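Here's the letter readout for the chains.
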Amino acid sequence: MFGHEKSPASSGMIIFILFILLYIYKKTILCNKMVNIYLFIVAVPIFFTGSKIAIVGIMSFVFFNILFDKSRQNTWSKIAGFLLLLILLFIASKSGIGDLHRLQSFLDPIEVITQRGIWWKVEWVDGVLGGVFGMGLSSGHINFSTGEFSYGMAMDNLYLYNFTVLGLIGSALFFLMLFFLLKSYPVRCVNKRIQVSLIFSYLCMGMGGEVFQLSISGLFFWTISGYLIASSKRILLHKELYRHNAKSMYL
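Just so it is clear, the structure is predicted and the values come from calculations on it, not from any experiment.

(A) Representation of the nonpolar core in the model. Counting residues in hydrophobic clusters, the biggest one holds 49 residues, and the most contacted among them are F16, F47, I58, Y202 and F212. Of all elements in the fold, only α1 (8-28), α2 (33-43), α3 (52-68), α4 (75-94), α9 (167-183), α10 (190-205) and α11 (215-250) reach the threshold of two or more residues within this core. When residues in this core are grouped by element, the largest group, 9 residues, is from α1. Residues in contact with F212, not counting those within four places in the same chain, are L158, F174, L178, Y202, L203, G218, F221 and W222. Within the second largest apolar cluster, 5 residues are counted, among which are A154, M155, Y161 and V165.

Shown next as structure tokens:
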């Protein structure tokens, strides 16, 4: 992506965001079969950015959408779409283009997880109090050698970042916040399923980066979550108004 050529992660996340926006458009505004073709066209470039985080993001988002879809409509077409993404991953890893051979590491996910996080930074945690209450933003964003503040990935792992910066209590509050975010939705709402899939997708991507805190992915998550909640409340309000008007006409 223009302006992000040196960062496969940010390039991949921009395309991932376009995919999510198009999916939300399909589910909440215009349900059209042509949109499925557009979704596939948008998904293809992700596998050639070389971004492992973005690939994990789109794969997990599609997987959890299939898993949490209680309607079971077009289940086979969704499964076929997921299999197509797997085929794309295989083609990209074997293409020989640039550094895409790195994608073959998906065949050994445990090794990817253990190598991705900068685990030695756990040593920054100062005893029991540091582990419980965290070491603050400085440990996650300040380069101790230069003293400069950065919003980039400091630890390449969301869970390591939360433990070091927020501690156990802060990490628990963070995940509790995500839980109450889901609780704010009406029980039966397509927006809620999108939100659940998005959260799980981010939690999966979190094994390779601090996606909730990074500028591109983080701003998108909280902004689109606000939109999904507001949209679901509006739909619920319209239903209540319709029922009230129908009841008034009957009386």
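From this point on, the discussion continues.
(B) Just the side chain of S171, in detail. Take S171: it is sitting in helix α9. Excluding residues that lie within four positions of it along the chain, S171 makes contacts with N162, F163 and L166.

(C) Looking closely at α3. The first and last C-alpha atoms of α3 sit 24 Å apart over 17 residues, in line with the 24 Å expected at 1.5 Å per residue. Across the 17 residues that make up α3, a large majority, 13, are buried.

(D) Local environment of the environment of Y151. Looking at the secondary structure, you find Y151 in the loop between α7 (138-141) and α8 (158-165). Sequence-wise, Y151 and G140 are 11 residues apart; in three dimensions their C-alpha atoms are separated by 8.6 Å. In this view, Y151 contacts H141 and L214; residues no more than four positions away in its chain are not counted.

The rules we used
- Residues numbered from 1 in each chain as written.
- Predicted model: local features only at pLDDT ≥ 70, side-chain atom pairs only at ≥ 80, totals over all residues.
- Heavy atoms only, no water.
- Core = buried A, V, L, I, M, F, W, Y, C linked by side-chain atoms within 4.5 Å.
- Buried < 20%, exposed > 50% of the residue type's maximum accessible area, 1.4 Å probe, protein only.
- Helix = DSSP H or I, 4+ residues; strand = E, 2+ residues; numbered from the N terminus.
- Contact = heavy atoms within 4.5 Å.
- Expected span 1.5 Å × (residues − 1).

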